[in-house]
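For reference, the chains in residue letters:
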Amino acid sequence: MENWSNASSIGRRSILKTIGATGALAGIGGAQASTLSDTQRAQQSTEGTTHDLLVRGVGDPARYQFTTSGTVSGTGSLESNDSVDGNRGSGRVAWGDDRFRFTGEILSFELLEGSADDVNVFVDGQKVSLTELNASGASARTLTVDEPWQTYQLAGQYESPVVIASSLSYAGSNPCHVRLQNVSSESFDARIEEWDYLNDIHYDETVGSLAIESGTHGLDNGSTVKVGRTLADHTWSSVSFDQTFDQTPLVFCQSETMQGNQAIVTRVSNVSSEGFDVKVQEEEANGSHKVESLGYVAIEPGVGTLHGMAFEAGRTTIDGHWHSLSFENGFTNPVFLAGMQTYNGSNPAGLRHRNLSETSVTVKVDEERSLDDEMYHIEEQIAYLVLESNETPLYVGETIPEMPHAPHGATLPTGTHFHPSDATPVLRASDVTDYGAVDYVADPFMFVEEGTWHMFFEIVNENRRPDAPIGHATSSDGLHWTYNQVVLTKQYHTSFPLVWKYQNEYYMCPPTGKKVELYKAQQFPTDWTHIGNAIDVDYYPHDPTFVRYKGRWWLFTERGNENVMVYHSTDLEREGWIPHEGNPVVTDRLQAGRQGGRPIVVDDRLFLYFQDSVENYGDAVRCYEVTDLSPSTYADQEVSGSPVLHEFGSGWANNGMHTFDPWWLGPGKGWRCAVDGVRAQESSEDLWTIGIVDIPPTG
C-alpha cells in the first residue's frame, strides 16, 4: 500500500531552516515553533543561552503576549504597560520598540489587540513572522473522552498533522478503545468506541494523545521520527518507510476515519527498519471492513527530546494480565501512549492502562468477547511512548484556574440556558459532621485537579464561636459530593473561600474583618497558613476575588455593597497591594457592587460576577465584562444573559442565589458550576444550601 508520508512538509512550513549554521533562530523551535530538527537546535543552542526579542510597532497600537520554555527578562526599553513574569512577557507598542531577553524557546506569540501588520518581530536580529512563531511540530496532552464525539482543538499551527490517541485508562471494564475522525490542521474528533456487542455506554476515560506534523523529524539524540498516512482494510497491507531506520522503530498506528461504522482496532505486525504490516480488525463475530485512512508515527527506542518535550520510548512484552512498567526517567505531567507491535494472538484486542504516575504505569492487553467469554490474550510485544506534555490539560499539573479559565472559543456561561431547578442541593448543613448543629452552608468554590473535584465553602453555626469556619468536600465527577472536614478555622467569621493554584502553590483568600488575608496550603487541601495581608483598610472588604490578567494580579472587592474597589500587584504574595487610582472605580451600584463568584477569562476577555442586593442581600448574581483595566482606568458593562442566577420557585433557592463558580468541562460539554441558594427566612430548613448545575457550551 502506498505511503502518504510527506517528508518535506516541515521544511516548507517555515523560513527558519534558512538560518543555517548562524543559529540566530535556534531558540525559537521546540513545542510550538520548530522547523529546525532537534539535533540542529541542540547543536546551535542550549537551554541556558540568552536570546534577544524585539517587538517593533509599525502601525496602530498593538497589544501582545508571548511565552517561552525558559525565562523572560526586560531591558531598559520596557515601559509601564509592558511586563515580564517568569516565562512570559507582554506589552503594548505603537511606533516604538519593546526589547526582551529570554532563554529556552519561544512557545507562542499572540496579538491581543491590533493586527500582524502593526508589528514586526525580530529574534536575535532576524525578522520572523507570527505564523513561524506559532507553528507547531508536535504537541502531547492527556484527553478526557467518553462515548459521544468530541472535538479537540490543536494548539499552534499545522499543515497535515497525524494524531495518535492510545491506550485508554480503565475506569470502566468493558473492552473499548478510542476512535478518531475529522483530523485536520486545526482539530480532530475523538470518542470511546465499545465493541458492537456491547451497549456503547461507557464511563469517561483518559487517553494520551500526540499530534505531530507529517514528515521526518530529527531528534536531539540523533535518531529519527517518521510520520505519515496509509490506507488499510481487514486484510494485511505493507507500509514502506522512505528511508530505513538505524534500528527497528516503534510503530504507533491508528485509524482516523469512519468509512465503516463497525468498531475496529488497528493491528500491526512485522515491524522492521524498512516498514511494517497493518490491518484493521472488527470484533470476532463480524467480517470484512471498508478501507480506512490510518495515521502512523514510527520512532526509534530511547530517550530524548521531541519538539521541546522530553520523551522515553521502548518496548516490552505483556499479555491479558496487568503488567507494571517503570519509566527510566521521571515525568512531571506524563502523556502515555502504547500500541501492539505483534500479531501473536488473532483475537481482536486493544491496550488499556491504569495507575499512571510520574515514574510508572500498569498495562494489559484487553480482548473483546463477542463470540465467547474467554478474554485471556497471549503475549504480545507492545511499544510505549511517554512524553512530558507541552500543553496544559484542563485542571492537571500547573494549571491556573482563572487565567485562562477556558480555551479559545468557549462560550461565556450566563443565565441564558440556566435552569435552577436542575441544581438540586448537593451539600446541606446536615452533611457537616464535625462542627456541631450547623445552620447552613454557602459560598462554594471548587478546585479541580488530577481527576478530583474539591469544594471549599462557608459553614455557619450561629451558636458556636467562631461561628463560620471553611469546610471541604470532594467528588470524582463534580456532581456527587462527600463532606470531608473543616480545613480552616480562625477566631472570627470566615467565608467566600476562593481557591486557586499558581506556580505549584495553592492559595485561598477568605475575607477577615477589614483585611483581605492570603493563605497558602502547607498540605493541600486540609492545611492552610496565613502568609500576609493583600490589603488592610478602614472598611469591610467583603467577598474579595483574585485574578491574574495581562501580567498583573488584580484584587476586586467592595465597600458598602455598592462601590467596587480594585487593587493590583505584580507579586501575588506582596504585603499591601497598590490601590487603583480611581477607587472606588464604580459607585452607587447596589445591583452589581459586591463580588459574587470567581472571575473568569474567555478569549482574553475578563468577566466578573457581582451580587445583586437592590431589594435584599444576595438576590441574584450578575455578569459584567471588564472592558478597560489598568492601574488608572476601569470600565465594565453587563453582558447579555445576565443575571446568571436569581431566586426561583418555592424550593431551596426561592429567596435568592449569590455565589457562582463555573468550571469548563471541555469541548462539547460546557460548564459545571457550583451555586448556592437560600430559602425564605420563615423556613427553618437548611436556609442556604449548595447546588451544582451544568451550563451547555452554547452558554
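Residues numbered from 1 in each chain as written. Predicted model: local features only at pLDDT ≥ 70, side-chain atom pairs only at ≥ 80, totals over all residues. Heavy atoms only, no water.

A. Representation of the overall build of the chain. The helix and strand tally for the chain stands at 4 helices and 52 strands. Across the chain, contacts joining residues at least 24 apart in sequence account for 66% of those joining residues at least 6 apart. (Helix = DSSP H or I, 4+ residues; strand = E, 2+ residues; numbered from the N terminus. Contact = heavy atoms within 4.5 Å.)

B. Summary view of the nonpolar core. Counting 33 residues, the largest nonpolar core has Met455, Phe457, Ile459, Trp481 and Trp528 as the members making the most contacts within it. Contributions of two or more residues to this core are made by strand E30 (425–427), strand E31 (440–449), strand E32 (452–460), strand E33 (470–475), strand E34 (482–488), strand E36 (505–508), strand E38 (515–523) and strand E52 (688–695). By residue number, the principal contributor to this core is E32, which donates 5 residues. Those residues within four positions of Met455 in sequence are excluded, and the remaining contacts are Leu427, Pro444, Phe445, Met446, Gly471, His472, Ala473, Trp481, Ala674, Ile690 and Ile692. (Core = buried A, V, L, I, M, F, W, Y, C linked by side-chain atoms within 4.5 Å. Buried < 20%, exposed > 50% of the residue type's maximum accessible area, 1.4 Å probe, protein only.)

C. Layout of the confidence of the model for the chain. Mean pLDDT for the chain: 83, with 85% of residues reaching 70 or above. Strand E19 (residues 250–255) holds the highest mean pLDDT among the elements of the chain, 98, whereas helix H2 (residues 30–33) holds the lowest, 28. Contacts of residues 1–47 to residues separated by more than four positions or lying in other chains number 145 contacts, the stretch itself having pLDDT below 50. Low confidence marks residues 392–404, where pLDDT is under 50. Its contacts with residues over four positions away, or in another chain, come to 42 contacts. (pLDDT = per-residue confidence, 0-100.)

D. Inspection of the packing of aromatic side chains at higher detail. Per the stated rule, a full pass over the model turns up 30 aromatic pairs. Note on Tyr64 and Phe109: the rings are 5.6 Å apart at their centroids and 10° apart in plane angle, and the pair reads as stacked. With Tyr64 in strand E2 (residues 62–68) and Phe109 in strand E7 (residues 106–113), this residue pair connects regions lying 45 residues apart in the sequence. Both residues of the pair, Tyr64 and Phe109, count as buried. Following the ring pairs from residue to residue traces out a cluster consisting of Phe447, Phe456, Tyr506, Phe524, Trp528 and Trp663. (Phe/Tyr/Trp six-rings, centres within 6.5 Å; stacked < 30°, edge-to-face > 60°.)

E. Examining the environment of His177 more closely. By secondary structure assignment, the location of His177 is in strand E13 (residues 176–181). You can call His177 buried: its relative accessible area is 9%. When near neighbours in sequence (up to four residues on either side) are disregarded, His177 contacts Leu168, Arg191, Ile192, Glu193, Trp195, Ala263, Ile264 and Val265.

F. Fine view of the sheet that holds strand E24 (residues 309–318). Overall, antiparallel pairing links the 4 strands, which are arranged E23-E24-E29-E26 in an open sheet. The open sheet has two free edges, formed respectively by strand E23 (302–306) and strand E26 (334–340), since each of these has just one partner strand. Taken pair by pair, the neighbouring strands of this sheet meet at an average axis angle of 25°, ignoring direction. Relative to strand E29 (residues 380–388), E24 runs antiparallel, the two sharing 8 bridges. (Pairing = 2+ DSSP bridges. Axes fitted to C-alpha atoms, helices over the stretch in contact; angles between N-to-C directions.)

G. Representation of the pairing of E13 within the structure. The element E13 is largely enclosed, with a buried count of 6 among its 6 residues. Here E13 shows no split at all, with Cys176, Val178 and Leu180 on one side and His177, Arg179 and Gln181 on the other all buried. Pairing of E13 with strand E14 (residues 187–194), which is carried by 6 bridges, proceeds in the antiparallel orientation. By the bridge assignment, Cys176 is partnered in E14 with Glu194. Taking the residues between adjacent antiparallel strands as the criterion, E13 and E14 are bridged by 5 residues, where Asn182 takes a positive phi near 55°.

H. Broad picture of the sheet that holds strand E8 (residues 119–123). If you trace the 5 strands from one edge of the open sheet to the other, you get E3-E6-E1-E8-E9, paired in antiparallel fashion. Strands with a single pairing partner mark the edges of an open sheet, and in this sheet they are strand E3 (72–74) and strand E9 (126–128). Between one strand axis and the next, the sheet turns through 30° on average, direction left out of account. Sheet topology note: the E8/E9 ladder contains 3 bridges and is antiparallel. Pairing of Phe122 across the sheet is with Lys127, part of E9.

I. Up close: the pattern of salt bridges. For the structure on display, the rule yields 19 salt bridges. For Asp661, the salt bridge is made with Arg598, and the minimal N-O distance between the two is 2.7 Å. Remark: Arg598 occurs in the loop between strand E44 (594–595) and strand E45 (600–602) and Asp661 occurs in strand E50 (residues 660–666); sequence separation between them is 63 residues. Judged by its relative accessible area of 0%, Asp661 falls in the buried class. Bridged by salt links that share partners, the residues Arg56, Asp97 and Arg99 form one connected network. (Salt bridge = Lys/Arg side-chain N within 4 Å of Asp/Glu carboxyl O.)

J. Seen up close, the environment of Thr433. Turning to its location among the elements, Thr433 is positioned in the loop between E30 and E31. Overall, Thr433 belongs to the exposed group, its relative accessible area being 65%. Spatially, the C-alpha atoms of Thr433 and Tyr483 are 8.1 Å apart, while their sequence positions differ by 50 residues.

K. Representation of the pairing of strand E39 (residues 527–536) in the model. Judged from the 8 bridges that link them, E38 and E39 form a sheet pairing that is antiparallel. When the bridges of E39 are listed, Lys520 appears paired with Thr529. Counted between consecutive antiparallel strands, the loop separating E38 from E39 contains 3 residues.

L. Structural context of unusual backbone geometry. The omega angle of the peptide bond from Asn583 to Pro584 is -10°, so this bond is cis rather than trans. Structurally, Pro584 can be placed in the loop between strand E43 (578–579) and E44. Going from Ser642 to Pro643, the amide bond is cis rather than trans, its omega being 5°. Mapped onto the secondary structure, Pro643 falls in the loop between strand E48 (634–638) and strand E49 (645–646). Phi angles above zero are rare outside glycine, and Asp588 is one such case at about 55°. Mapped onto the secondary structure, Asp588 falls in the loop between E43 and E44. By relative accessible area, Asp588 is classed as exposed at 60%.

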